[in-house]
Amino acid sequence: MKHYSFLFFIVLFLVSCTSSQKMLERGQYERAIDKAAEKLQKKPGDTEELAVLKEAYELANMFDLERIEYLELEENDQNWIEISELYEQLNRRQNKIRRLPTRVRNQFTFVSYDQAIVNSKSAAADVSYRRGMEYMDRGNKESYRLAWTEFVRAAELYPGYRDVNLKIEEARMLGINHTLFVVENQSGVIVPEYFETELSKIALRDLNSRWLSFDTFENENIAYDHLIVLNISDISFSPESVERQIIRETKEIQDGMKYAYDDDGNVRKDSLGNDIRVPNMINVSAEVTDVVQQKSAYIGGSLDIFELEADQLLRTENLSVEWVFENRYGTVSGDERALSEESKDIVGGREMPFPSNEQMVMDSADLLKDRAKAIISNSRDLLES
């Protein structure tokens, strides 16, 4: 790694040290102009750099103007975009010189390209606009999207050109793929009426893109391209379960202090004649009744994606979620000082009523929505194409 880093810095040093004269000789006119201009900004009297700047500037302009002349002679409307870009380039190059010190700037003659830029941009915008209209006439999603690109280019070249802003929006609306998300319960299990409504609240708007739009409630004014069906085929519940176990715990703890005795049964003394006392350790025990309440709800099915015009199933993905209710609590008998930290955490809780099946179905809705949204997000390329 050190070897490669060293080579990198050597190359970087050599590039940075390349003179404007070398760049000029290699035909790198823009780089030569930038290099010479940088030096002349600091040292306006540098005649060598001024000579390089003049030559590079004249050659770069000459090639651009010759290219413009050739493109204009071709009389091809498609050339106006390149012509516009070349005039912009001539103007940018000229502005670099205008920013140099007066002593340098006075060595150059400046030309106004404003009218040429306006004219070429207008012509280029017209080319893109007409292309866009041709794409619109083809009447399919792909062509509408191509039309949108052309109209946007026209607006960038010539803001406010004709009704281009309206055309941009029209092409965008026609190029969008509209997708409707619905829920179907085919499990045979009766669920709350608002369960499907809750699932329809799935947040899909953040998955919208330029060419893809999701609805979770049908809009009769929209011709949908795709239908996504969250098909629920199985809803089941586990029995209510209560499991108990007895946990016996013992621990040696300190219970105050006691006197220390010698082998003759006398209280031991320290060097100052004071009675010696030591921790009084005792064993304590307790029994914990650990109670775990459990019940689960399982919902399974599939997410099916249909192309409506062809009436074709494009993709199906299995999905399932499980919602688990669990409550753990405990009671203790004996000396609570014997309890472990885990036992302390469960003691003091209380028994809770089991949720109803309806409530567990509703509690599963958010899990279902998250799982469905993840599958839809992974299918965006399919839906947008």
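Use the structure listed above.
In what follows, the accompanying structure is described. (Residues numbered from 1 in each chain as written. Predicted model: local features only at pLDDT ≥ 70, side-chain atom pairs only at ≥ 80, totals over all residues. Heavy atoms only, no water.)

1. What about the overall build of the protein?
And then number 1: Of the regular secondary structure elements, the protein holds 14 helices and six strands.
And then number 2: Over its C-alpha atoms the protein spans a radius of gyration of 41 Å, topping by over 25% the 21 Å that the globule rule assigns to 385 residues.
And then number 3: Each principal axis of the C-alpha distribution contributes one length, and for the protein these read about 120 × 80 × 35 Å.
And then number 4: Each of the 385 residues in the protein was classed as buried or not, and the buried ones make up 36%.
And then number 5: The contacts of the protein with a sequence gap of at least 6 include a subset with a gap of at least 24, amounting to 72%. (Helix = DSSP H or I, 4+ residues; strand = E, 2+ residues; numbered from the N terminus. Rg over C-alpha atoms; globule rule 2.2 N^0.38 Å. Buried < 20%, exposed > 50% of the residue type's maximum accessible area, 1.4 Å probe, protein only. Contact = heavy atoms within 4.5 Å.)

2. Looking at the environment of D304
And then number 1: Positionally, D304 belongs in strand β5 (residues 277-307).
And then number 2: D304 sits in the buried class, given a relative accessible area of 11%.
And then number 3: Each C-alpha atom of the pair D304 and I376 lies 9.9 Å from the other, and the pair is 72 residues apart in sequence.
And then number 4: Among residues more than four places away in sequence, those in contact with D304 are L227, I228, V229, N231, L313, R315 and T316.
And then number 5: Within the local environment of D304, its side chain forms a polar contact with the side chain of T316, the two groups lying 2.5 Å apart. (Polar contact = N/O pair within 3.5 Å; in protein donor to acceptor, adjacent residues only side chain to side chain.)

3. Here we look at the pairing of strand β1 (residues 177-185)
Residues in a regular strand project their side chains so that they alternate between the two faces of the sheet.
And then number 1: Note: β1 against strand β2 (residues 212-215), four bridges, orientation parallel. By the bridge assignment, H178 is partnered in β2 with S213.
And then number 2: Where β1 meets strand β3 (residues 226-237), seven bridges bridge the pair, whose relative direction is parallel. Paired with T179 across the two strands is H226, which belongs to β3. (Pairing = 2+ DSSP bridges.)

4. Describing the packing of helix α8 (residues 141-157) against helix α9 (residues 164-175)
A pair of packed helices can be characterised by two numbers: the angle between their axes and the separation between those axes.
And then number 1: Contact geometry of α8 with α9 gives a least axis separation of 8 Å together with a crossing angle of 155°. Taken together, the axis directions place α8 and α9 in an arrangement best described as roughly antiparallel. In the packing of α8 onto α9, the handedness of the crossing is left-handed. Contacts from K141, Y144, R145, A147, W148, F151, V152, A154 and A155 in α8 reach V164, N165, K167, I168, A171, R172, L174 and G175 in α9. (Axes fitted to C-alpha atoms, helices over the stretch in contact; angles between N-to-C directions. Parallel < 35°, antiparallel > 145°, perpendicular 65-115°, else oblique. Left-handed = near helix turned anticlockwise from the far one by under 90°.)

5. Observations concerning the environment of E317
And then number 1: Mapped onto the elements of the fold, E317 is located in strand β6 (residues 312-334).
And then number 2: Judged by its relative accessible area of 33%, E317 is partly exposed.
And then number 3: Setting aside residues up to four positions removed in sequence, E317 forms contacts with G301, S302, L303 and I375.

6. Topic: helix α13 (residues 365-378)
And then number 1: Its 14 residues give α13 an end-to-end C-alpha distance of 20 Å, which sits within 8% of 20 Å, the value for a rise of 1.5 Å per residue.
And then number 2: Along α13, the residues that are buried comprise A365, L368, K369, A372, I375 and I376. One side of α13 holds all its buried residues, which, seen down the axis, span an arc of 130°. Those residues of α13 that are exposed and aimed more than 90 degrees away from the buried face are D370 and N378. (Expected span 1.5 Å × (residues − 1). Arc of directions from axis to C-beta.)

7. Description of the pattern of salt bridges
Opposite charge on two side chains makes pairing possible when the charged atoms of those side chains draw close.
And then number 1: Inspection of every chain in the model, using the stated rule, returns 25 salt bridges.
And then number 2: For E198, the salt bridge goes to K201, with nearest N and O atoms at 3.7 Å.
And then number 3: Residue class for K201 comes out exposed when judged on its relative accessible area of 53%.
And then number 4: Among the salt bridges present, the one from E198 reaches K369, with a minimum N-O distance of 3.0 Å. In this pair, E198 sits in helix α10 (residues 193-199) while K369 sits in helix α13, placing the two residues 171 residues apart along the sequence.
And then number 5: Residues participating in the shared-partner salt-bridge network are E30, D34, D64, R93 and K96. (Salt bridge = Lys/Arg side-chain N within 4 Å of Asp/Glu carboxyl O.)

8. Digging into the nonpolar core
And then number 1: F181, F195, L303 and I376 are the most contacted members of the largest nonpolar core, which totals 27 residues.
And then number 2: Listed by contribution, the elements that provide at least two residues to this core are β1, α10, β2, β3, β5, β6, α12 (357-363) and α13.
And then number 3: Sort the elements by how many residues they give to this core and α13 lands first, with five residues.
And then number 4: M136, A154, A155 and L157 belong to the second largest nonpolar core, which has 20 residues in total. (Core = buried A, V, L, I, M, F, W, Y, C linked by side-chain atoms within 4.5 Å.)

9. Structural notes on the packing of helix α5 (residues 80-98) against helix α7 (residues 114-138)
And then number 1: Taken N-terminus to C-terminus, the directions of α5 and α7 make an angle of 150°; their axes are 8 Å apart at the nearest point. It follows that α5 is roughly antiparallel to α7 by the angle criterion. The crossing of α5 and α7 is left-handed. Together, W80, I81, I83, S84, Y87, E88 and N91 of α5 and A116, I117, S120, K121, A123, A124, V127, S128 and R131 of α7 make up the contact between the two elements.
And then number 2: Along the lines of polarity and charge, the residues of the contact of α5 with α7 split into nine nonpolar, four polar and three charged. (Nonpolar A, V, L, I, M, F, W, Y, C, P; charged D, E, K, R; others polar.)

10. A few points about the packing of aromatic side chains
And then number 1: One pass over the full model with this rule turns up eight aromatic pairs.
And then number 2: Seen in terms of ring centroids, Y57 and F108 are 5.3 Å apart; in terms of plane orientation they differ by 90°. Their pairing is edge-to-face. In this pair, Y57 is assigned in helix α4 (residues 47-74) and F108 in the loop between α6 (102-105) and α7, connecting sequence segments 51 residues apart.
And then number 3: Judged by its relative accessible area of 11%, F108 falls in the buried class. (Phe/Tyr/Trp six-rings, centres within 6.5 Å; stacked < 30°, edge-to-face > 60°.)

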